[in-house]
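Reading the structure
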Amino acid sequence: MSSLAESQVAPAPAPAPAPTPGPAPGPPADGEKRRSLRARDSDPGSSQGIQLKFVDLNRVIKLLEDSNSNNEERQLEILKTVVKRYENGLPLKDLAHIFKILNLCAEKIQDQEAFIEPTCDILKLCGLPFLKKKLSDEVNYTPITLESIAQLGYLMRVPASQVRIHICKCIISFYNIKPANKQLPGFHATSANYKIQMAELGGLAETLVLSLALVENQLAEKLWVLKALQHLSASGVNCKLMMKAQAASRICSHLNDADPSGQLLFRSSDILWNLLENTSKEEVVNQLSNLECIYALKEVFVNLLLHGFRHYDRQLRNDLLVIATLIAENPGAPMIESGFTKQLILLATFSEVKSPNPLVKGLKLTCSYGDFELKKLLFNVVTVLAKDLCTVPLLNEGKVVLALFHYVKPNEKPGVHDWSAAQYEELQLHAIATLASVAPLLLDDYMTCQGNTRLLMFLEWCAGQDPFFGQGNCFHGAGGRGNKLAQMRYSLRVLRPVVSLCDEAVNLDLCDQGAINQLLDILKHLANNSKDKEDAIVLEIQTDILLILSTLCENDLHRKELFGCEGVDILIPLMKMDPNKLYSGLGHNRLLFSTLDSLWCCVMGCYISEDYFLEKEGICLLLDLLALKQKNICNLILGILVEFCDNPKTAAHINAWRGKKDQTTARLLIHLWKQEELELGVKHDQNGRIVDTKKPLVGSFQEQQEVIPMPANCPSVAIMEVSENMRAKIYSILCKLGFESLPGLSAKDFVTLAVIQRYLDFKVGEVWSEICAEIKEEKFRPVTPDEEALKVISEASENVGKMVSNLQSEMLGSQQHQELQEEEKVYSKIQAIQKQRQMVNKSWEDFLTRTSNYEALKKAKRLQEKSIAASRTKSRPQNATLHSTEIKGLNTTTASGRLVTVESTPSELTGGPLADTDLALRKLSVRGGALKKIKGVKVLSSFKKNSVSVK
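Counting starts from 1 at the beginning of each chain's written sequence and moves along it residue by residue. The predicted origin of the model limits local features to residues at a pLDDT of at least 70 and limits the giving and counting of side-chain atom pairs to 80 or more, whereas totals for whole chains, interfaces and linings rest on all residues. Side-chain metrics in this entry use all non-hydrogen atoms of the structure; hydrogen atoms and water are not considered.

Next up on the list: the overall build of the chain. Only DSSP runs of H or I covering at least 4 residues are called helices, and only runs of E covering at least 2 are called strands; the numbering of each starts at the N terminus. Across its full length, the chain carries 45 helices and four strands. Within the chain, buried positions represent 45% of all 951 residues. Considering only residue pairs separated by 6 or more positions, the chain has 76% of its internal contacts joining residues 24 or more positions apart. With residues, only the protein chains shown are counted as cover, and all accessible areas are computed by Shrake-Rupley using a 1.4 Å probe. Carbon and sulfur atoms form 53% of the exposed surface of the chain, whose accessible area is close to 51200 Å². For every residue, the accessible area obtained with a 1.4 Å probe (protein chains only) is divided by the maximum for its type, and the residue is called buried under 20%, exposed over 50%, and partly exposed between those limits. Contacts are residue-level and defined by heavy atoms, with any inter-residue pair within 4.5 Å sufficient.

This is the structure in structure tokens:
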């Protein structure tokens, strides 16, 4: 055994110490004492003197420690007796002595091979369940058990193949516990997971990984060690211990070792998978990211690809490719240096692009599930490799774009290809998804393959009415069952990043082929067919199309004209979406953003489209969205409104808008300003007035920033702040609308409006203030004229702040005075109402007095007659005939007319109309206690015409 191996396994060259004995086993019973004494007295030097029922382990240890070579036979006999004694299991209380004996035997094996057999026999005993007398023994003997099981790993230093194999078998038996043939009386087996827990706590897995260095050249021993590690790696605790010993790197670097049985590769890959699942994936990948591991992985993978024919070989090959893909995700992995990247690219494209490379000569993938999975994994690894820009030349050399475009076409003859219809559909979607990652990197290859033409033709097929029944049974085919939405979705994913590169040649070629009109037709088709059903796939397709159109039309007036009114008709319904859907999780928020972006890039700047948008009440829709006060879209909408205000027709639409509770645009903008300044921490008093006249716009965060001298071409904090919030846009819109005659504003709104109106002056003063601070920070004194100019500018800025503050105070004072006047009016109204009530009450009391007191009624009548007489004129015309307007006998104080309605006593009780007057009827009869008119009385016709009806 080499010294290097010893240093890797044991902490010191010396043999590992035996576990410290725990609590003393206790004195034996009296019978056992007597038998022990008889055995010693009979023949202390003979093995026959030791009885089977009791073994003095201390005496055995002393005997083994004796270095006298003449005692070898006796030592072997005693060891056989010990094995026979504990053939049904090792008690926990004797565990420390047993492992002391085991270590002594291990020391003797190097010089005396006869001790191999008893050592293996004792190891077999360690594989049986440990025995306990009490339930608490498992807890009490935990330290001893931990140290004892940890010794199994250190015993791998023994240079005997049988011993090492039996150690591994013993460890494996922890997971496949077989009870002993007989149970000792008074003892019980420990719990099933007891040994596994002790192995985890004792760090056995780490020691066993280090022992791999001792068995590199012994295949049988290495396979047993890997089998034991395979069982141990099922636990997360053991996996962490194995990673400390660099298990991933040690195992992967030997994947390609000679092994006719194939067990080494199988067990090693299984251990690597367990490490990936139970520990940090990044840590495992870092251990595997070295040339030695990647070379081994590459050779094994290629060997399985070329010579593996069983389903097991294909599955193992695919598992190794997944591990290689995880390594490729690490930017520091030398995948290119090892040549593995070039081989993977070749294997991913050899079916579609013919290659003279001898590696793929005669290689053919079948339609079996293993090969189908391999093809998908190769597409996936190309996507991962494309993230490293150093791989781009290899992708170009391997003609990856051409190979992937092989699938950008409809499967017109399903079943003709090597793949089934469902397999081809899945590969097609996977290839297009891979093309979305590769095409922007290889733009020249994309144009050489006429990528725009192929994609537009494929999109035309996707939007067509040809019968197609997508399976939709894969990751990329989600939502595409029975339709072509999945194909359309991934085709647009390819087109969007290519267009976003803003390469003029690519975009011009795309527009020349009618891409704008074709994409608008797709949007209309989706809008008509998905009114009742909106899913995430349709929303994503709409979002991608709008983003593509925005990029194409942004800086080209002709393309905006192509977008035209047809595009506006598509945007208007999208802007009317239900605000509650924005947070549904389906993608309505992204669709709204792309809609607003398309409005900005495709409509604004084209007067025909702008006017049509205004006719469709688009400004009102924008203000409705702005009224939602969603922080993430307000800034974008305000920017659009600022641009739209350049159109002279826009101001009328903005002023005409009314929101909830008759809210005006000006009031909405002022509310957004207040909300923005509240978030920025700008200081105001409770009424909204300026507190700091020197820095009326500075927020708390900006105030905390230290002044740092910067070059003139670098924007300062005050300049950067303009683009980081909405205040500048609100100011610009109100400038377009005018600060005078804004409807629907309160006094506090006017207080805020005074600050908005002076925003530009305050911002200029803020910039000059920063200039003065930078000069002071640089300890630079300007010349006297400049210093005086700076002082005048600072004073002027402060005076503007004071003026605005005074104006705000006057506004608040005027508002307070107006409120007091309105309050006085309200109180006057209340007093008038109260006085009227008193007059009504007094009139009612007078009425009750007149109706209940006859004297009071006559008095009121006399007063009324006097008042009437006094009001008449004294001079009368000669020969004038005066007619009396009064009816004699009426005791009422109300003015009498041709009709009088009495609502008090019914006519049945009074005897009829005017019963007590001169015109009363003469004959009345009493019937049933009531006065009633006699039927026989005839009423004169002349009386009927001039009578007064009384009810």
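Moving on to the packing of helix H33 (residues 618–627) against helix H36 (residues 665–680). Helix packing for two helices is described by the angle between their axes and how far apart those axes are. The interhelical angle for the contact between H33 and H36, taken along N-to-C directions, is 35°, at an axis separation of 11 Å. At the point where H33 passes H36, the crossing takes the left-handed sense. Taking contact as the criterion, the partners of Leu 623, Leu 626 and Ala 627 in H33 are, on H36, Thr 665, Leu 668, Leu 669 and Leu 672. In the contact of H33 with H36, the residues fall into six nonpolar, one polar and no charged. Between N-to-C directions, angles span 0 to 180 degrees; the directions come from axes that are lines fitted to C-alpha atoms, helices contributing only their stretch in contact. By the definition used in this description, the sense in which the near helix is turned from the far one sets the handedness, with an anticlockwise turn below a right angle giving left-handed and a clockwise turn giving right-handed. Basically, the charged four are Asp, Glu, Lys and Arg, the nonpolar ten are Ala, Val, Leu, Ile, Met, Phe, Trp, Tyr, Cys and Pro, and anything else, Gly included, counts as polar.

pLDDT: the predictor's confidence for each residue, scored from 0 to 100. Confidence in the prediction for the chain averages 83 pLDDT; 84% of positions are at 70 or higher. Between residues 1–53, whose pLDDT stays under 50, and residues either more than four places distant or in other chains, the model counts 63 contacts. In the predicted structure, residues 919–951 sits below a pLDDT of 50 and forms 40 contacts with residues beyond four places in sequence or in another chain.

What follows deals with H36. Taking 1.5 Å per residue, 16 residues should reach 22 Å; H36 reaches 23 Å between its end C-alpha atoms and fits that length. Those residues of H36 that fall on the buried side of the exposure criterion are Thr 665, Ala 666, Leu 668, Leu 669, Ile 670, Leu 672, Trp 673, Glu 676 and Glu 677. Buried residues along H36 sit in contact with H33, helix H34 (631–644), helix H35 (650–656), helix H39 (727–737), helix H40 (747–757) and helix H41 (759–777). Where H36 ends, the next residue or the one after it, Gly 681, has phi of about 80°, a positive value. Helices are assigned an expected span. That span is 1.5 Å times one less than the residue count.

This part is about a negative patch on the surface. Only residues above 30% relative accessible area that lack a salt bridge enter a patch, with like-charged residues linked at up to 9 Å and the nonpolar side chains Val, Leu, Ile, Met, Phe, Trp and Tyr linked at up to 5 Å. Whenever Lys or Arg places a side-chain nitrogen within 4 Å of a carboxyl oxygen from Asp or Glu, that contact is recorded as a salt bridge. Neither His nor the chain ends contribute to the count of charged residues, in which Lys and Arg are positive and Asp and Glu negative. A charged residue contributes its charge at one atom only: NZ of Lys, CZ of Arg, CG of Asp or CD of Glu. Taken together, the side chains of Glu 819, Glu 822, Glu 823 and Glu 824 make up a negatively charged region of the molecular surface. Tracing the sequence through the fold places Glu 824 in helix H42 (residues 784–852). For Glu 824, a relative accessible area of 53% corresponds to the exposed category.

Let us now look at the nonpolar core. Nonpolar cores are built from buried Ala, Val, Leu, Ile, Met, Phe, Trp, Tyr and Cys residues. Side-chain atoms within 4.5 Å join them into one set. Among the nonpolar cores identified, the biggest contains 248 residues, and Leu 152, Leu 275, Phe 613, Leu 622 and Leu 626 are the most heavily contacted of them. Beyond its immediate stretch of four places on either side in the chain, Leu 622 contacts Met 575, Leu 596, Leu 599, Phe 613, Ile 637, Ile 640 and Leu 641.

What follows is about the packing of helix H8 (residues 142–154) against helix H10 (residues 194–202). Two numbers describe how H8 lies on H10: the axes approach to 8 Å, and their chain directions differ by 75°. By the angle class used here, H8 and H10 are roughly perpendicular. Here H8 contributes Thr 142, Thr 145, Leu 146, Ile 149 and Ala 150 to the contact with H10, which in turn contributes Tyr 194, Lys 195, Met 198, Ala 199, Leu 201 and Gly 202. Small angles under 35 degrees read as roughly parallel and large ones over 145 as roughly antiparallel, with 65 to 115 read as roughly perpendicular and the rest as oblique.

Moving on, we get to unusual backbone geometry. Of note in the backbone geometry, Gln 450 takes a positive phi value of approximately 55° without being a glycine. Positionally, Gln 450 belongs in the loop between helix H24 (443–448) and helix H25 (451–463). In this structure Gln 450 comes out as exposed when scored by relative accessible area, which is 52%. The residue Lys 661 is not glycine, and still its phi comes out positive at about 55°.

Here the focus is the packing of aromatic side chains. Side-chain rings of Phe, Tyr and Trp, where Trp is taken by its six-membered ring, are said to pair if the distance between their centres is within 6.5 Å; with planes under 30 degrees apart they count as stacked, over 60 as edge-to-face, and otherwise as tilted. Counting across every chain of the model gives twelve aromatic pairs. With 5.9 Å between their ring centres and 35° between their planes, Tyr 407 and Tyr 424 make a pair best called tilted. Separated by 17 residues along the polypeptide, Tyr 407 in the loop between helix H22 (400–405) and helix H23 (421–438) and Tyr 424 in helix H23 bring together distant segments of the chain. Tyr 424 carries the same exposure label as Tyr 407, and that label is buried. Members of the aromatic cluster, each reached through a chain of ring pairs, are Trp 673, Tyr 731, Phe 739 and Tyr 759. The cationic tip of Lys 484 hangs over the ring face of Trp 461; the distance from NZ or CZ to the ring centre is 4.7 Å. Definition used: whenever NZ (Lys) or CZ (Arg) falls within 6 Å of the ring centre and also within 35 degrees of the ring normal, the charge is taken to sit over that ring. One residue, Arg 727, lies across the ring of Trp 673, its end atom 5.9 Å from the ring centre.

Counting along an α-helix, one turn takes 3.6 residues, and residues three or four places apart therefore face a common direction. Between its first and last C-alpha atoms helix H20 (residues 369–385) spans 24 Å; for 17 residues at 1.5 Å apiece the expected length is 24 Å, and the two agree. A large share of H20 lies buried, amounting to 14 of its 17 residues.

There is a patch of nonpolar side chains on the surface, built from Leu 760, Val 764, Trp 768 and Ile 771 and spanning about 310 Å² of accessible area. Topologically, Leu 760 is positioned in helix H41. Given the relative accessible area of 46%, Leu 760 is considered partly exposed.

This next bit is on the environment of Lys 133. With respect to the helices and strands, the residue Lys 133 is situated in the loop between strand S1 (131–132) and helix H7 (137–140). Its relative accessible area of 51% is what places Lys 133 among the exposed residues. With 57 residues separating them in the primary sequence, Lys 133 and Thr 190 have C-alpha atoms 9.5 Å apart. Leave out the neighbours within four places in its chain, and Lys 133 touches Gly 186, Phe 187 and His 188.

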